[in-house]
Amino acid sequence: MQGAREPSEPTLTYHYHAYGLNIESELELDILPLVDAGDESPDILIHIDPTETHLHSERRPDGSPWISCDRESAVIVFPGIGVMRTSGGARVQIHEEPGARRDVMATMLVGGVFGSCMYQRGALVLHASAVKIGSSVIAFTGLSGAGKSTLAAALLARGHELVTDDVLVVRVGDDGICTVVPAFAGLKISPEAYTAMQGAPGLGDAFQPCGRSRHWHRVPRFASPDCHFGALVHVTVDECAREHRVEAMREADIFRLLLAQSLPTRIGFISDALHLSQVARVASSVSILRLVRTDGLAGLSRCAELIECLAEGLDRSRGHELDPKTVQSA
């Protein structure tokens, strides 16, 4: 793989569209489809800095990754990859390690780094995957391995549209209405999950590994533009459960869940007033439930059916509280 560019090397730029923004990048991002540059100025500029000053100054003695992020700037350190610095949600500066894998760098960029940019632009950023079913977005949170992306893939295979994988960007309007910004048409799942879904007809072929035995898949059905935020489902695995079930959550647990799954809380920083008000608004206006599923990939279609019933219930009860019993009994 390529290392840092020499200062004299001509600079190529690539143009992409993701998270509703126009992006001009000196780093090729195979995950994103190329677009014409157009006449509009880019919303985000990505620059590769060939100097290594920040590589040494930002490293921790134990070599661990770390991130610091606020509303103005962020520093994200990936050992073996490099240092990425964002400012004002409009500029990303990359200091890459010699010999760094640029495909891995691109995966990190379109995930956490873009997430920090959206946070700096005033959005609420949650660690979640999401699909659009009917007129509403259904998002999935959960611990690593709970099946957020796999459940999204199962719903894509049933004809629904992808909204995002891992980084959920929520806009809370002045009127209090919550909408979700579609990210880009890519999803990460394991080869085992892909096989279990018999090739997942809602996904394209795997085209790039992204760590932890998962691969990127391009998605033909992608939601656009901003979509109504209908529900958030916290996915948990119960090895003793005999069947999948949907449960209500207590108000206090809902608020704690949203805080725990959002920037800046996930990286250990104190929330500001805007962040807390956004979390409170989502907690009060979005249906938030828990999906308890059995372990393994068996019964994945039943999970998908429950989520479809949830979406149907949202359409019927728009503006009213959704009863999880109506989902469970479907």
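Residues numbered from 1 in each chain as written. Predicted model: local features only at pLDDT ≥ 70, side-chain atom pairs only at ≥ 80, totals over all residues. Heavy atoms only, no water.

### Here's the deal with the overall build of the protein chain
Put simply, the test is: A helix here means a DSSP run of H or I that spans at least four residues, while a strand means a run of E at least two residues long, and both kinds are numbered starting from the N terminus. Burial classes: relative accessible area under 20% of the type maximum marks a residue as buried, over 50% as exposed, and values in between as partly exposed (1.4 Å probe, protein chains only). Here, residues are in contact when the closest pair of their heavy atoms is within 4.5 Å. Per-residue and other accessible areas were derived by the Shrake-Rupley procedure at a 1.4 Å probe size, with only the shown protein chains allowed to occlude residues.
What the protein chain contains, in helices and strands, is 8 helices and 19 strands. For the protein chain, with 330 residues in total, the buried portion stands at 50%. Looking at the protein chain alone, contacts between residues at least 24 apart form 66% of all its contacts between residues at least 6 apart. Carbon and sulfur atoms form 51% of the exposed surface of the protein chain, whose accessible area is close to 15000 Å².

### Structural notes on the pattern of salt bridges
The line we're drawing: The term salt bridge refers to a side-chain nitrogen of Lys or Arg lying within 4 Å of a carboxyl oxygen of Asp or Glu.
If you walk through the whole model with that rule in mind, you get 13 salt bridges. When the shortest N-O distance is used, the salt bridge between R214 and D166 registers 3.9 Å. Remark: D166 occurs in the loop between β11 (161–164) and β12 (167–172) and R214 occurs in the loop between β15 (206–209) and β16 (215–218); sequence separation between them is 48 residues. The pair formed by R214 and D166 is uniform in burial state, with each residue classed as buried. In this structure, E247 and R290 form a salt bridge, with 3.4 Å as the shortest nitrogen-oxygen distance. Highlighted residues: E247 in strand β18 (residues 245–248) and R290 in strand β19 (residues 287–293), separated in sequence by 43 residues. Classification of E247 as partly exposed rests on a relative accessible area of 25%. Of the residues examined, R290 reaches a relative accessible area of 21% and is grouped as partly exposed. The network of salt bridges with common partners includes D165, D166, K188 and R214.

### Describing the sheet that holds strand β6 (residues 82–87)
For clarity, the threshold we go by: Strands were regarded as paired on the criterion that DSSP finds at least two bridges between them. In this analysis, axes come from line fits to C-alpha atoms, helices being fitted only over the stretch in contact, and the angle between any two N-to-C directions falls in the range 0 to 180 degrees.
The 7 strands lie next to each other as β1-β2-β3-β7-β6-β5-β4, forming an open sheet whose pairing is mixed. Pairing within the sheet leaves two strands with one partner each, and these edge strands are β1 (14–18) and β4 (66–69). Across the sheet, the mean angle separating the axes of adjacent strands is 15° when strand polarity is ignored. Sitting on the sheet, helix α2 (residues 102–120) is in contact with β2 (21–25), β3 (44–48), β4, β5 (73–78), β6 and β7 (91–96), with an inclination near 25° to β6.

### Section: the confidence of the model for the protein chain
We count it as follows: Scored from 0 to 100, pLDDT records how confident the predictor is in each individual residue.
Scored by pLDDT, the protein chain has a mean of 87; 88% of the residues are at 70 or more. Scored below 50 in pLDDT, residues 1–5 makes 18 contacts in the model with residues more than four places away or belonging to other chains.

### Some points on unusual backbone geometry
In this structure, P225 follows S224 across a cis peptide bond, with omega equal to -5°. Here P225 shows up in the loop between β16 and β17 (227–237). In this structure, the amide linkage connecting L263 to the following residue, P264, adopts the cis form with an omega of 5°. One non-glycine residue with positive phi stands out, namely Y19, at about 55°. Residue position: Y19 is located in the loop between β1 and β2.

### Brief notes about empty space enclosed by the protein
Short version of the rule: Every definition here rests on a 1 Å grid over the protein atoms only: cavities are sets of points where a 1.4 Å probe fits but cannot get out, pockets are open sets enclosed by protein on both sides within 12 Å along at least five of seven lines, and lining residues have some atom within 4 Å of a point. Grid points are joined across faces, edges and corners, and a volume is the space filled by probe spheres set on the points. Gly is placed with the polar residues, together with every amino acid not listed as nonpolar (Ala, Val, Leu, Ile, Met, Phe, Trp, Tyr, Cys and Pro) or charged (Asp, Glu, Lys and Arg).
Summed over all chains, the structure comprises 1 cavity of 30 Å³ or more. Of the residues that constitute the lining of the largest cavity, the class distribution is 4 nonpolar, 1 polar and 1 charged.

### Here's the deal with the sheet that holds strand β14 (residues 186–189)
Strand order across the open sheet formed by 3 strands is β14-β16-β15, with antiparallel pairing between neighbours. Each edge of the open sheet carries a strand with a single partner, namely β14 and β15. Averaged over all pairs of adjacent strands, the angle between their axes in this sheet comes to 35°, without regard to strand direction.

### Some points on the packing of helix α3 (residues 148–156) against helix α7 (residues 300–316)
Relative placement of two packed helices is described by the angle separating their axes and the distance separating the axes. We apply this condition: The cut-offs work like this: below 35 degrees is roughly parallel, past 145 is roughly antiparallel, 65 to 115 is roughly perpendicular, and the gaps in between are oblique.
At a minimum axis separation of 9 Å, α3 and α7 run at an interaxial angle of 75°. It follows that α3 is roughly perpendicular to α7 by the angle criterion. Where α3 abuts α7, its residues T150, L151, A154 and L155 lie against L300, C303, A304, I307 and E308. For the contact of α3 with α7, the residue count by class is 7 nonpolar, 1 polar and 1 charged.

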